[in-house]
Amino acid sequence: MSSETIAKSAKAAFEQSQLLTASERATALQAIRKQLELRKDDILTANAEDIKAARAEVDAGRMSEALLNRLDLRRGDKWESMLQGIDDVAALADPTGIVTYATELDDGLELYRVSCPIGVLLVIFEARPEVVVNIAALAIKSGNAAILKGGKESNRTTLVLSEAISAGLSQTAVPENYIQTIQTRDEVSSLLKQDRYIDLVIPRGSNSLVRSIQNSTTIPVMGHADGLCSVYLDEHANLEKALRVVVDSKIDYPSACNAAETLVVHESLLHTIWPAVAKALLDANVRLLCDPPTLDALKTISPVPSKLDSHVEASTPESYETEHLSLVISVVAVSSLQAAIQFINSHSSHHTDAIITENDTAASMFCRAVDSAGTFINASTRFADGFRYGFGTEVGISTGRIHARGPVGLEGLVIYKYMMKSKDSNGHIVGEFGSGKKQFKHKKISTTVLPF
């Protein structure tokens, strides 16, 4: 099937679905969930084959261990979370048809701004095969058709997941080709030219992937770049909070985009809180890439940390531009809160950054001045997640500047249209308004429900 045919089919499915009810879309989600459960053995078998092939790539030095970890559907509670995500999305309120602005322009002439789907989404992501299900659920619930492309390392799993989704949809009122998957880069390149049929591209992966997509299409792009997240230990930090938040931010799931990659330390803490935090990280087998002040402070500790020689080394400028996605964290000392903010804004990917402090003024300044999609006070960066925010699941974390930022759930997948209705027996025309004629009332209408 050509890329134009795929895109045209998606647009036709989108247009066909616009009169479906919320209950029909919810029924489709449950049908997909059932098919996934029925095909669990086939899906996990395909996933095991992908993992085996990926392990060979890791052993050959062509793939990172972090990418391999993201691929595994058996890891932790990933399978159960994937299914629970469908239930959570199904239970959320319908994001479409919501009136966000209403005004009476004239007697009997009413204007409404109403939320509606974006259209056809092209979502390109790396490794994590459960993203197919996450995005399918969000797209169906929000009324968007979607074309999905996972990384080649997950092709076998993606194919079986796609078959389960199509099988579920075939039993419902939602068009079977509402959710489609593609397998090759050539298909992506061709689809990026289909601006007549595709309305939004969502690349989810590294900065290089996002930039490549942005430079290859005229279709609007919602960038989901990598996560260069930081934790700042303010001079007013509490030791216990620092230990808990820094360690969790780094080790809870190092391969995730919301794991901390940089630790910024106020210089007043170099011989107090910093050594304790460093020891906790070393005890968790984390490697520390330290600038001279933080490295020198560790060398003066008595007794010297047992892993100082094996797990601590000098950082380089590139250390603070690197998404490690492993048990590695870059550390830098700063002289003030302002210097910390400047450092983070200059080096982060504007994903999620946290401050550890007992000072309300410092916390407020940090949250307002750090230019990231998420700014947290005394809380782990790992909280930056659509499921944890109550979105059911997410398309990804947007670090861009368009209508959606941070974890993108249902609300990030709708836009709006203006609807107008004349109740006059003769209708309304613009020629009746102006100097010496009728004047607009612009009277606010109190309603959240479209009355037609």
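Rules used throughout
- Sequence positions are assigned chain by chain, starting from 1 and proceeding in written order.
- In view of the model being predicted, local features appear only for residues whose pLDDT reaches at least 70, and side-chain atom pairs are presented and counted only at 80 or more, with totals across whole chains, interfaces and linings using the full set of residues.
- Hydrogens and waters are ignored; side-chain quantities use all the structure's heavy atoms.
- UniProt positions are given in the numbering used here, feature names are shortened, and annotations may be inferred rather than shown by experiment.
- For Phe, Tyr and Trp, rings pair up if their centres lie within 6.5 Å, where Trp contributes its six-membered ring, and each pair is then called stacked (planes under 30 degrees apart), edge-to-face (over 60) or tilted (otherwise).
- Think of it this way: any DSSP run of H or I at least four residues long counts as a helix, any run of E at least two long counts as a strand, and we number them from the N terminus.
- The classification of residues rests on relative accessible area computed with a 1.4 Å probe and restricted to protein chains. Under 20% of the type maximum is buried, over 50% is exposed, and intermediate values are partly exposed.
- Look at NZ for Lys and CZ for Arg. If either is within 6 Å of the ring centre and within 35 degrees of the ring normal, a charge sits over the ring.
- The term nonpolar core refers to a set of buried residues drawn from Ala, Val, Leu, Ile, Met, Phe, Trp, Tyr and Cys, joined through side-chain atoms within 4.5 Å.
- We call two residues in contact when some of their heavy atoms are within 4.5 Å.
- Polar contacts, as counted here, are pairs of nitrogen or oxygen atoms within 3.5 Å of one another; within protein the pair requires one atom able to donate a hydrogen and one able to accept it, and residues that are adjacent in sequence qualify only if both atoms are side-chain atoms.
- Two strands pair under a simple rule: DSSP has to find at least two bridges between them.
- What makes a salt bridge here is a side-chain nitrogen of Lys or Arg within 4 Å of a carboxyl oxygen of Asp or Glu, nothing more.
- Simply put, an axis is a line fit to the C-alpha atoms, just over the touching stretch for a helix, and the angle between two N-to-C directions goes from 0 to 180 degrees.
- Convention used here: angles under 35 degrees read as roughly parallel, angles over 145 as roughly antiparallel, angles from 65 to 115 as roughly perpendicular, and any remaining angle as oblique.
- Two helices crossing with the near one rotated counterclockwise from the far one by less than a right angle form a left-handed crossing, whereas a clockwise rotation gives a right-handed crossing.
- In the scheme used here, Gly and all other residues not listed as nonpolar or charged are polar, with Ala, Val, Leu, Ile, Met, Phe, Trp, Tyr, Cys and Pro taken as nonpolar and Asp, Glu, Lys and Arg as charged.

Labelled according to an unreviewed UniProt entry, the protein appears under the name glutamate-5-semialdehyde dehydrogenase, originating from Psilocybe cubensis. UniProt, in the comment section headed Catalytic activity (unreviewed entry), describes the protein in these words: "L-glutamate 5-semialdehyde + phosphate + NADP(+) = L-glutamyl 5-phosphate + NADPH + H(+)". UniProt's Pathway (unreviewed entry) comment on the protein is quoted here verbatim: "Amino-acid biosynthesis; L-proline biosynthesis; L-glutamate 5-semialdehyde from L-glutamate: step 2/2."

Under the counting rule described, the total for this entry stands at 6 aromatic pairs. With a centroid separation of 6.4 Å and 15° between ring planes, the pair formed by Tyr-232 and Phe-366 is classed as stacked. With a gap of 134 residues between them, Tyr-232 in strand E7 (residues 229-233) and Phe-366 in helix H15 (residues 360-369) connect regions that are remote in the sequence. Judged by relative accessible area, Phe-366 falls into the buried class, the value being 0%. Measuring from centroid to centroid gives 5.7 Å for Tyr-416 and Tyr-418, while their planes differ by 85°, and the two rings are edge-to-face. Assessed through its relative accessible area of 47%, Tyr-416 is described here as partly exposed. Above the ring of Tyr-416, the side-chain terminus of Arg-113 is found at 5.3 Å from the ring centroid.

Counting residues in each nonpolar core, the largest one holds 67 residues, and the members touching the most others are Leu-36, Ile-147, Leu-169 and Ile-179. The element contributing the most residues to this core is helix H6 (residues 130-142), with 9 residues. Those residues within four positions of Ile-179 in sequence are excluded, and the remaining contacts are Ala-136, Ala-139, Ile-140, Ala-146, Leu-148, Ile-165, Ser-166 and Leu-169. Within the second largest apolar cluster, 33 residues are counted, among which are Leu-282, Val-286, Ile-329 and Val-331.

Within the fold, Ser-315 resides in the loop between strand E10 (312-314) and strand E11 (328-334). At 2.7 Å, the side chain of Ser-315 and the side chain of Tyr-320 are in polar contact. Here Ser-315 is in contact with Leu-289, Cys-290, Asp-291 and Tyr-320, once residues within four sequence places are set aside.

Within strand E8 (residues 260-266), 7 of the 7 residues are buried, leaving the element largely enclosed by the surrounding structure. Where E7 lies against E8, 5 bridges are found, and the strand directions are parallel. Across the sheet, residue Tyr-232 finds its bridge partner in E8, namely Val-264. With 5 bridges connecting them, E8 and E11 associate as parallel partners. Looking at the pairing, Val-265 lines up with Ala-333 of E11.

Right, let's talk about the pattern of salt bridges for a bit. A complete count under the given rule lists 22 salt bridges for this structure. Across the pair Asp-94 and Arg-25 runs a salt bridge, and its minimum N-O distance is 3.0 Å. Pair noted here: Asp-94 is in the loop between helix H5 (78-91) and strand E1 (99-106) and Arg-25 is in helix H2 (residues 22-38), with a separation of 69 residues, a long-range link. One network of salt bridges, in which partners are shared, links Arg-33, Glu-37 and Asp-87.

The next subject is the pairing of strand E2 (residues 109-117). In terms of residue burial, E2 counts as a mostly covered element, since 8 of its 9 residues are buried. Sheet analysis places E1 next to E2, joined by 6 bridges and oriented antiparallel. The partner of Glu-104 across the bridge, within E2, is Glu-110. Counted between consecutive antiparallel strands, the loop separating E1 from E2 contains 2 residues, among which Gly-108 sits at a positive phi close to 80°. Bridge count for E2 against strand E16 (residues 414-422) is 9 bridges, and the pairing is antiparallel. Bridging across to E16, Val-114 finds its partner in Lys-417.

Within the secondary structure layout, Asn-144 lies in the loop between H6 and strand E4 (145-149). Judged by relative accessible area, which is 0%, Asn-144 ranks as buried. As for Asn-144 and Leu-121, which are separated by 23 residues in sequence, their C-alpha atoms are 6.9 Å apart. For Asn-144, the side chain forms a polar contact with the main-chain nitrogen of Ile-118, separated by 2.7 Å.

Attention now goes to the sheet that holds strand E12 (residues 352-356). Read across the sheet, 7 strands follow the order E10-E9-E11-E8-E7-E12-E13 without closing on themselves; strand pairing throughout is parallel. Each having just a single partner strand, E10 and strand E13 (374-377) make up the two edges of the open sheet. The average angle at which neighbouring strand axes cross in this sheet is 20°, direction not considered. Sheet analysis places E7 next to E12, joined by 4 bridges and oriented parallel. When the sheet's bridge partners are listed, Tyr-232 is paired in E12 with Ile-355.

What follows concerns the sheet that holds E2. With antiparallel pairing, the 4 strands of this open sheet are ordered in space as E16-E2-E1-E17. Looking at the sheet topology across the chains shown, the edges are occupied by E16 and strand E17 (443-444).

The N-to-C vectors of helix H3 (residues 40-59) and helix H7 (residues 155-169) enclose an angle of 165°; their axes lie 7 Å apart at closest approach. With respect to their mutual orientation, H3 and H7 come out roughly antiparallel. By crossing handedness, the relation of H3 to H7 is classed as left-handed. Listed contacts from H7 to Asp-42, Ile-43, Ala-46, Asn-47, Glu-49, Asp-50 and Ala-53 of H3 are Asn-155, Arg-156, Thr-157, Val-160 and Leu-161. Class assignment of the residues belonging to the contact of H3 with H7 gives a composition of 5 nonpolar, 3 polar and 4 charged.

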